[in-house]
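Structure at a glance
Given next are the chains, with one letter for each unit.
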Protein chains: 2
Amino acid sequence: MEEYFLGIDVGGTNVKVGLVKADGALVSRQKFSTGELRAGGQFVEKFTRMIGSLLQQNPAVKKVGIGIPGTLSHKRRTTIDLPNLTELNGVKLHKILTQTFDGVDFFLENDAKAAALGEYHFSGQLLPDDLLFITLGTGVGGAAIIKGKLLMGGRGNGMEIGHIMTGNGRLLEDNIGKKGIVEMATAMLATYPGHSVLSNAPALNAEDVEDAARRNDPLATQVFARVGTILGEGLVSTIRLLDINTIVVGGGVSKVFEHVRPSLIEVLHRFLPPYYTDSLDIRLAVLGNNAGMVGAASLCLEGSR
Amino acid sequence: MEEYFLGIDVGGTNVKVGLVKADGALVSRQKFSTGELRAGGQFVEKFTRMIGSLLQQNPAVKKVGIGIPGTLSHKRRTTIDLPNLTELNGVKLHKILTQTFDGVDFFLENDAKAAALGEYHFSGQLLPDDLLFITLGTGVGGAAIIKGKLLMGGRGNGMEIGHIMTGNGRLLEDNIGKKGIVEMATAMLATYPGHSVLSNAPALNAEDVEDAARRNDPLATQVFARVGTILGEGLVSTIRLLDINTIVVGGGVSKVFEHVRPSLIEVLHRFLPPYYTDSLDIRLAVLGNNAGMVGAASLCLEGSR
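Residues numbered from 1 in each chain as written. Chains lettered and ligands numbered in written order. Predicted model: local features only at pLDDT ≥ 70, side-chain atom pairs only at ≥ 80, totals over all residues. Heavy atoms only, no water.

To continue, consider the sheet that holds strand β12 (residues 281–284) of chain B. Residues and elements named next belong to chain B. Pairing is mixed across the open sheet formed by five strands, whose spatial order is β10-β9-β8-β11-β12. Each edge of the sheet is formed by a strand with only one pairing partner; in this case those strands are β10 (149–150) and β12. Examined bridge by bridge, strand β9 (residues 140–146) and β10 share two bridges and lie antiparallel to one another. Residue pairing across strands places isoleucine 146 opposite lysine 149, the latter belonging to β10. Contacts from helix α8 (residues 218–242) reach β8 (131–136), β9 and β11 (246–251) within the one sheet, and its direction differs from that of β8 by about 150°. Helix α9 (residues 257–271) contacts β11 and β12 of the sheet and is inclined by roughly 160° relative to β12. (Pairing = 2+ DSSP bridges. Helix = DSSP H or I, 4+ residues; strand = E, 2+ residues; numbered from the N terminus. Contact = heavy atoms within 4.5 Å. Axes fitted to C-alpha atoms, helices over the stretch in contact; angles between N-to-C directions.)

Given below as structure tokens:
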């Protein structure tokens, strides 16, 4: 019997579930509203019941990977701190699931780490065994794979790249998370002399700025050039600490990466010697919207941590 | 027969050699002028002969650890890039020594990593199995130990903490290496309204500023408060990436650390949540001037990498 995994991507808006073959092929997917699962204050119970019905629908599944938007205990048994899903703070989720579903193995991991692992194992693009993964969305997440295994850090929650220092004295995510991008665009608009499609926008959001950059709006492209500079500053530190120079970029920004890349590369060359830049390889993640589910499923490949 | 190691600390000014017992006790030490070893352009040959005569003097030694001020190949066989000792650039040093000295094992490592390992194994202070080590001197070096082993990074030369970004857009070492400290003091002196013993100094060097701070000179203590802020910014990034919150500080700055610590701790608390700061442990290295030799000797304890 062919092996199937469930990959569950727990997000603040949706819980996405993918049925994934052991070679990484996404067979089918379902989406559940996180809000509905939270309603009534019984998230853990409803989430567990949801998994129960999924396992019933898919009796071939004996391994379930779950991507968690937050921190976990060192052994990946307890979910510790989930800023946008506090019902899971301090929950012994692994124990609950294992005791409820006999004969099924559960694998919990931080969502950015899971996405990195999915890209490494299941994206179909040939990647080296050492890579940095960075995902830009509402926040900025990251992971490192060294010799084919996730770098966990001392207590298991390393690679919080969104919270490292950049050259303007602010943390990476405060600069180039979605809120930071809106701030940047708003500040530039205040003094922008030319025409921008954003000039008339009543209330900007990050997607507007992205859309405008995709249509080569001059102001919006400047915003993403600045994103490249700041991202570059964060990567200078990360590369110096981890000596990895394959960088895989995922998340929303990939759609406008042509505007990010030149300034990013300029900063890396400005601050790093040839030892790092000679073999620099910056590329986009290819799993896109499925990265969360496929990444979670990849946790079922044991020995990756 | 009791086991003895040689620990060789290769520096730009001196090559220091310690005879070290397997429990870390430094039995005796010798110093050789790096300049003399370099004279005539035959550093590798003279260095090898020096080791030969040391081995002859100490026939009980079958393991030699060598701390290298620069980068090494992934397998620690070839010395790659030593800015202050270019004769060793691209030298297959491990092969040369192993072939010359039959029956002796050689262990090469970056000097900051060796010093961290020495502090971990041989300092006598009880340290956890996960720690960050940072040494402030002419440059700024660093290392991380995770589960009792050095973090090497993807290609083996990670933890170049001196070259990560700080909040003023400059790299850590440019700010708080010896040159940076002189720059800082000079800039402050230009506008300093009060009295400082440094006001009359003809040409400042970092030791003058340190001496003045040790005597609580108000301007010099401000310099080291600023050092604490900048060091803190670098550590914010490092802690977020590696999730380690025991920090061991070595090098010259330890003598004035009372002036560094308050601003360092203030910055860590400003940027890091309680998960990191609740169990924060910042302490000084205790091996002092012997850190290089004892650290190099600790490389002979196998299984530390």
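Here we come to the pairing of strand β1 (residues 4–10) of chain B. Residues and elements named next belong to chain B. Most of β1 is tucked away, with seven of its seven residues classed as buried. A two-sided burial pattern is seen for β1, the buried positions comprising Tyr4, Leu6, Ile8 and Val10 on one face and Phe5, Gly7 and Asp9 on the other. Pairing of β1 with strand β2 (residues 14–21) involves seven bridges; the strand directions are antiparallel. Looking across to β2, one finds that glycine 7 is bridged to glycine 18. Here β1 folds back onto β2 in antiparallel fashion, the turn holding three residues. (Buried < 20%, exposed > 50% of the residue type's maximum accessible area, 1.4 Å probe, protein only.)

This paragraph deals with the domain arrangement of chain A. Residue and element names in this part refer to chain A. Domain boundaries in chain A define domain 1 (4–120 + 290–298) and domain 2 (127–285). Between domain 1 and domain 2, the contact holds twelve residues from the first and 22 residues from the second. For the pairing of domain 1 and domain 2, the buried interface totals around 1,400 Å² over both sides, and the portion due to carbon and sulfur atoms is 65%. Three residues, Lys113, Glu119 and Tyr120, lead the burial of domain 1 against domain 2; their summed loss comes to 47% of the area buried on that side. Counting the contacts that link domain 1 with domain 2 gives zero salt bridges. In this structure, the connection of domain 1 to domain 2 is made through four residue pairs in polar contact (both at pLDDT 80 or more). Counting residues per element, the ones that place at least two in the side of domain 1 that touches domain 2 are β5 (71–72) and α4 (111–122). If one sorts the elements of the side of domain 1 that touches domain 2 by residue count, α4 sits on top with seven residues. In terms of residue class, the side of domain 1 that touches domain 2 is built from six nonpolar, two polar and four charged. (Domains from an automatic or database assignment. Buried area = accessible area lost by both parts, 1.4 Å probe. Salt bridge = Lys/Arg side-chain N within 4 Å of Asp/Glu carboxyl O. Polar contact = N/O pair within 3.5 Å; in protein donor to acceptor, adjacent residues only side chain to side chain. Nonpolar A, V, L, I, M, F, W, Y, C, P; charged D, E, K, R; others polar.)

Residues and elements named next belong to chain B. Locating histidine 195 in the fold gives a position in the loop between α6 (178–191) and α7 (206–214). Along the primary structure histidine 195 and leucine 219 are separated by 24 residues, whereas in three dimensions their C-alpha atoms are 8.1 Å apart. Not counting the four nearest positions on each side in its chain, histidine 195 is found in contact with Asn200, Asp217 and Pro218.

On the side of chain A, 36 residues touch chain B, which itself brings 36 residues to the contact. Summed over both partners, the interface of chain B with chain A buries about 3,200 Å², with 58% contributed by carbon and sulfur atoms. It is B:Arg155, B:Met165 and B:Leu241 that lose the most area in chain B upon contact with chain A, and together they represent 25% of the buried surface on that side. Applying the counting rule to chain B against chain A returns two salt bridges. One salt bridge connects B:Asp243 with A:Arg155, and the closest N-O pair in it is separated by 3.2 Å. Seen at the junction of chain B and chain A, the total is 21 residue pairs in polar contact (both at pLDDT 80 or more). Mapped by element, the contributors of at least two residues to the side of chain B that touches chain A are α8 and α10 (274–277) of chain B. Looking at the side of chain B that touches chain A element by element, the count peaks at seven residues for α8(B). Residue composition of the side of chain B that touches chain A, grouped by class: 14 nonpolar, 15 polar and seven charged.

Summarising the model, chain A shows a mean pLDDT of 95, and 99% of its residues fall at 70 or more. As a predicted assembly, this complex carries a pTM of 0.95 together with an ipTM value of 0.95. (pLDDT = per-residue confidence, 0-100.)

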